[in-house]
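# Coordinate inspection notes
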Amino acid sequence: MSGEPRRICYVTGTRADFGLMASTLRALADDERVRLTLLVTGMHLSSRHGRTVDEIVAAGLSIAAHVDVDLDDTGGAAMARNIGRMLIGFVDALQRERPDLVVVLGDRGEMLAGALAAIHLNVPVAHIHGGERSGTVDEPVRHAITKLSHLHLVATDEARNRLVRMGERPEHIYLVGAPGLDDLVGLATTNRVDLCRAAGLPVDRPLALLVFHPVLAEASRAAAQAQAIVDALAAENVATIALMPNSDAGNEGVRDVLARAADAESFVVEAHLPRPTFVSWMACCDVMIGNSSSGIIEAATFGTPVVNVGSRQNLRERNANVTDIEAEAGALRSAIRAALAAGRLPAGNRYGDGRAGRRIVEVLAESELSATLLNKSNAY
């Protein structure tokens, strides 16, 4: 590629997607072939969720627009309305920015809104982490984003093959690995003793990292599911560091459960943890529990045992460190005991080798963005 830098716009709505992409975004920002800007929305702009837009600013990344949504209202209807609000805001921002390429990751509503805005402005879309399964509302949203996208940067062979079967053209699918694995070991800079002392947790007790998000179709049961996890950890005498959930329907009940649990000794709740701190906890805890994709994708790099609860990560490719159970008291306690007894597993991760970022940068900076690419159709 020659001439002016390629204008690339990345959509970000949560601490999770930004954390996964942080090192790749820095690499893009440092590449002379690229001019990177970010569209920032969702939980990033909410004080209740840690106002993580401040981390984007601290990273020195250029923000093209803040797109506010209403996170006070909860439920599926509120989530759908927010997609509409984001769509309007993204269209306005993209008309101003006139990027050559819009980049989205995963399966959340803000990514769907970003892809919809881009294609109606004749801007090609690159989608990271397409082709994966999860079995809840996330899966059809992820596949919808795939059909709206033009370049596909996938994490596994299975995901690549699924996109081919979905009718995406093989020459537009790139196996890059999961960007969240990049620099992961290097981020775990704080040891267990220092983490526990800073959080006020005992050093000599089994230690859990709890991340549990509501599932839209099960929003009415989210609080009971979270309570079952909290009760099982207490019954097994496990000290716990927990993160508040995302803003999806059912989050209020989960928040209430965690807030009450925080009154107990040896249970600490945080609205947000900076990524190096979060990764350090993942690296040193005895068990990770909940339903976060970080347990499915990232924790295996450290061999951390993961107790994956419920349906949120259903059908996703597993590493050997993951045990799947329902949010039922007996099953939870048994799974926690088994994880603590087994201890840390050998490190190894089917989601990649920790060098996804450099591959992503090359694809985004050098791929031909032709009219043929924009005028996509199924390959069969």
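Everything numeric in this text was worked out from a predicted model, so none of it was measured.

Attention now moves to the packing of helix α1 (residues 15–30) against helix α14 (residues 356–366). Running from amino to carboxyl end, α1 crosses α14 at an angle of 45°, the nearest separation of the two axes being 9 Å. Here α1 lies oblique to α14, going by the angle between them. Considering only the axes of α1 and α14, their crossing is right-handed. On the side of α1, the interface is formed by Thr 24, Ala 27 and Leu 28, while α14 contributes Gly 357, Ile 360, Val 361 and Leu 364. In terms of residue class, the contact of α1 with α14 is made up of five nonpolar, two polar and no charged.

A separate point is the sheet that holds strand β5 (residues 125–128). One open sheet accounts for seven strands, arranged β3-β2-β1-β4-β5-β6-β7; its pairing is parallel. Sheet topology places β3 (63–67) and β7 (173–175) at the edges, where each strand pairs with a single neighbour. Each neighbouring strand pair of the sheet contributes to a mean axis angle of 20°, computed without reference to strand direction. Across four bridges, the pairing between strand β2 (residues 34–41) and β3 is parallel. Note on β3: the bridge partner recorded for Thr 41 is Val 67. Running over the sheet, helix α3 (residues 76–97) touches β1 (6–12), β2, β3 and β4 (101–105) and is turned about 155° from β3.

Conventions adopted
- Residues numbered from 1 in each chain as written.
- Predicted model: local features only at pLDDT ≥ 70, side-chain atom pairs only at ≥ 80, totals over all residues.
- Heavy atoms only, no water.
- Axes fitted to C-alpha atoms, helices over the stretch in contact; angles between N-to-C directions.
- Helix = DSSP H or I, 4+ residues; strand = E, 2+ residues; numbered from the N terminus.
- Parallel < 35°, antiparallel > 145°, perpendicular 65-115°, else oblique.
- Left-handed = near helix turned anticlockwise from the far one by under 90°.
- Contact = heavy atoms within 4.5 Å.
- Nonpolar A, V, L, I, M, F, W, Y, C, P; charged D, E, K, R; others polar.
- Pairing = 2+ DSSP bridges.

Everything listed is a geometric property; what it means functionally is a separate question.
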